Amino acid sequence: MEMDPVEYVERLHAVVDQLVEPLTDHHASRLQCKRGCFGCCSDGLSVFGVEAELIRRKFPEVLREQPGPEGMCAFLDAEGGCRVYAHRPYVCRTQGLPLRWGYEQDGEVLEGRDICPLNADGKPIEELSPEELWTIGPFEHRLAEAQAAFGACTEACCDREDLRSLFEPPTP
Ligand code: SF4
């Protein structure tokens, strides 16, 4: 990878946003996602180190603030907004949409589908065409490639980092 892997991830996020936008428009009548709804902002989310590094570079001041209380994502603010929204990880950019993914079982490739229960009203997701869902897999693969390049050029050894662990410990 010629480009800085962290810049690559930033561009990858922009591509994800471009692809998510028409899907979001398509499902506008069922999507309840809005600022202040943080049902999918769980505690314990982890991201590739290369995405953690993007947050470190873009939001050093946020990482010196207090993390949010345990039980929900440490980046939530008091109003339920995301303090790193502009550079939030990939996984946060597709939540809420109807999702599909492939998996193997007994030698067969099967398809799983899911959607946030708050967005379930509307056409059953089983009846949607594949193009109407976000496919999990291709972008995770590209993130993994960026992570491999990041690890090679920075000697960062851990693949994934817990979002809460990015906050700087309080000074004694
Ligand atoms: S980083 Fe932001 S969008 Fe992602 S889980 Fe945390 S608060 Fe939610």
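Above this text sits the structure in question.
A brief look at the structure comes next. This is a predicted model, so every value here is computed, not measured.

### A look at helix H2 (residues 49-58)
Owing to its 3.6 residues per turn, the α-helix brings residues three or four apart onto one side.
Here is step 1 of the chain: For H2, the tally of buried residues reaches 7 of 10 residues, placing the bulk of the element in the interior.
Here is step 2 of the chain: Along H2, the positions that sit buried rather than exposed are Gly49, Val50, Glu51, Ala52, Glu53, Leu54 and Ile55.

### Remarks on the pairing of strand E2 (residues 99-105)
Here is step 1 of the chain: Counting buried positions along E2 gives 0 out of 7 residues, so the element sits mostly on the surface.
Here is step 2 of the chain: Pairing of E2 with strand E3 (residues 108-114), which is carried by 7 bridges, proceeds in the antiparallel orientation. Looking at the pairing, leucine 99 lines up with aspartate 114 of E3.
Here is step 3 of the chain: What sits between E2 and E3 in their antiparallel hairpin is a turn of 2 residues, with aspartate 106 showing a positive phi close to 50 degrees.

### Structural notes on the packing of helix H1 (residues 5-26) against H2
To describe two helices that pack against each other, one gives the angle between their axes and the distance between the axes.
Here is step 1 of the chain: Orientation of H1 relative to H2, taken along the N-to-C sense of each, is 90 degrees, at an axis distance of 9 Å. Judged by the inter-axis angle, H1 sits roughly perpendicular to H2. Counted together, Pro5, Val6, Val9 and Glu10 of H1 and Val50, Glu51, Glu53, Leu54 and Arg57 of H2 form the full contact between these two elements.
Here is step 2 of the chain: In terms of residue class, the contact of H1 with H2 is built from 5 nonpolar, no polar and 4 charged.

### Observations regarding the sheet that holds E3
Here is step 1 of the chain: With respect to topology, 3 strands assemble into an open sheet ordered E3-E2-E4, the strand pairing being mixed. In this open sheet, the two strands that pair with only one neighbour each are E3 and strand E4 (134-135).
Here is step 2 of the chain: Judged from the 2 bridges that link them, E2 and E4 form a sheet pairing that is parallel. Paired with arginine 100 across the strands is threonine 135, a residue of E4.

Conventions and cut-offs
Residues numbered from 1 in each chain as written. Predicted model: local features only at pLDDT ≥ 70, side-chain atom pairs only at ≥ 80, totals over all residues. Buried ≥ 20, exposed ≤ 12 C-beta atoms within 10 Å, placed from the backbone. Helix = DSSP H or I, 4+ residues; strand = E, 2+ residues; numbered from the N terminus. Pairing = 2+ DSSP bridges. Axes fitted to C-alpha atoms, helices over the stretch in contact; angles between N-to-C directions. Parallel < 35°, antiparallel > 145°, perpendicular 65-115°, else oblique. Contact = placed C-beta atoms within 7 Å. Nonpolar A, V, L, I, M, F, W, Y, C, P; charged D, E, K, R; others polar.

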